[in-house]
Each structure stands twice: as structure tokens, then as C-alpha cells.
Amino acid sequence: MPRTIEQALELDSKNGNTLWSDAINKEMTNVMVAIDIIDDEAVIPQGYSKSSGHLIFDVRMTLERKARWVKDGH
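Residues numbered from 1 in each chain as written. Predicted model: local features only at pLDDT ≥ 70, side-chain atom pairs only at ≥ 80, totals over all residues. Heavy atoms only, no water.

Overview of the side chain of Glu27
Heads up, the condition is: A run of H or I in DSSP becomes a helix once it reaches four residues, and a run of E becomes a strand once it reaches two; helices and strands are each numbered from the N terminus. Throughout this description, buried means an accessible area under 20% of the type-specific maximum (1.4 Å probe, protein chains only), exposed means over 50%, and partly exposed covers the range between. Contacts between residues were defined by any pair of non-hydrogen atoms, one from each residue, lying within 4.5 Å.
Here Glu27 is to be found in helix H2 (residues 19-31). Its relative accessible area of 12% is what places Glu27 among the buried residues. For Glu27, the residues in contact, after removing those within four places along its chain, are Leu55, Lys66, Ala67, Arg68 and Trp69.

Below you can see the structure in the form of C-alpha cells.
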């Protein structure tokens, strides 16, 4: 089970498929509707707070690969 994006992409490369890459792309596409990326130089709007997160990887019972974006600290 990969613990980082690099490990997930390495597994895809070794196995000759894109299962983990597809899972990452699917999760990030779904999450991006809720995220507003602001440049480092931009003034942060009132009410916004900086946050970070990471991906957690899993394999479902159907053998589908799943990547979940979780906010750090939660």
C-alpha cells in the first residue's frame, strides 16, 4: 500500500498500469471544486485560512484503488 504519491506512481510504473494515478486524478478533480488556490504573493481574503493536507491510499473490496484527500490535523 503506498504512503506517498511518489510510491503510488512507482507502483503504477512497476505494474505497467495507471490504477493509482487514475485514483489520484479522480480525487483531486472532485476536491478542486472546494479549493481556491491563491498565489503566495496575493493578499488573502478576509475569512480565509491557510491549510494543508495529504492523500491516504486504500484498496476497496472490488480491488478499485482509492485516494482520499484529508486535511492535516483532522
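After presenting the structure, the write-up continues.
Focus: the environment of Asn25
Along the polypeptide, Asn25 turns up in helix H2. Since its relative accessible area comes to 45%, Asn25 is described here as partly exposed.

A look at a nonpolar patch on the surface
Selection criterion: What makes a patch is a set of residues exposed beyond 30% relative accessible area and free of salt bridges, joined within 9 Å when like-charged and within 5 Å when nonpolar (Val, Leu, Ile, Met, Phe, Trp, Tyr). For the accessible areas, the method is Shrake-Rupley and the probe is 1.4 Å, while residue cover comes only from the protein chains on display. For salt bridges, the criterion is a side-chain nitrogen of Lys or Arg within 4 Å of an Asp or Glu carboxyl oxygen.
A surface patch of nonpolar side chains, about 360 Å² in accessible area, is lined by Met32, Ile35, Ile37 and Trp69. Given the relative accessible area of 33%, Trp69 is considered partly exposed.

Remarks on the environment of Asp12
Along the chain, the position of Asp12 falls in helix H1 (residues 5-15). We classify Asp12 as buried; its relative accessible area is 5%. In the structure, Asp12 is positioned 10 residues away from Asp22 in sequence and 9.9 Å away in space, judged by C-alpha atoms. Among residues more than four places away in sequence, those in contact with Asp12 are Asn17, Thr18, Leu19, Trp20 and Ser21.

Focus on H2
To keep it simple, the criterion reads: A helix is expected to reach a length of 1.5 Å times the quantity of its residues less one. Starting at the helix axis, one direction is taken to each C-beta atom, and the arc is that of these directions.
With 13 residues, H2 extends 19 Å from end C-alpha to end C-alpha; this agrees with the ideal 18 Å at 1.5 Å per step. When H2 is considered as a whole, its buried residues turn out to be Trp20, Ala23, Ile24, Glu27 and Val31. Along the axis of H2, the buried positions cluster into a sector of 100 degrees, meaning they face one direction only. In H2, the exposed positions that point more than 90 degrees away from the buried face belong to Lys26 and Thr29. Considering only its buried residues, H2 is in contact with H1, strand E1 (53-59) and strand E2 (65-71).

The values reported here are purely geometric and, on their own, carry no functional implication.
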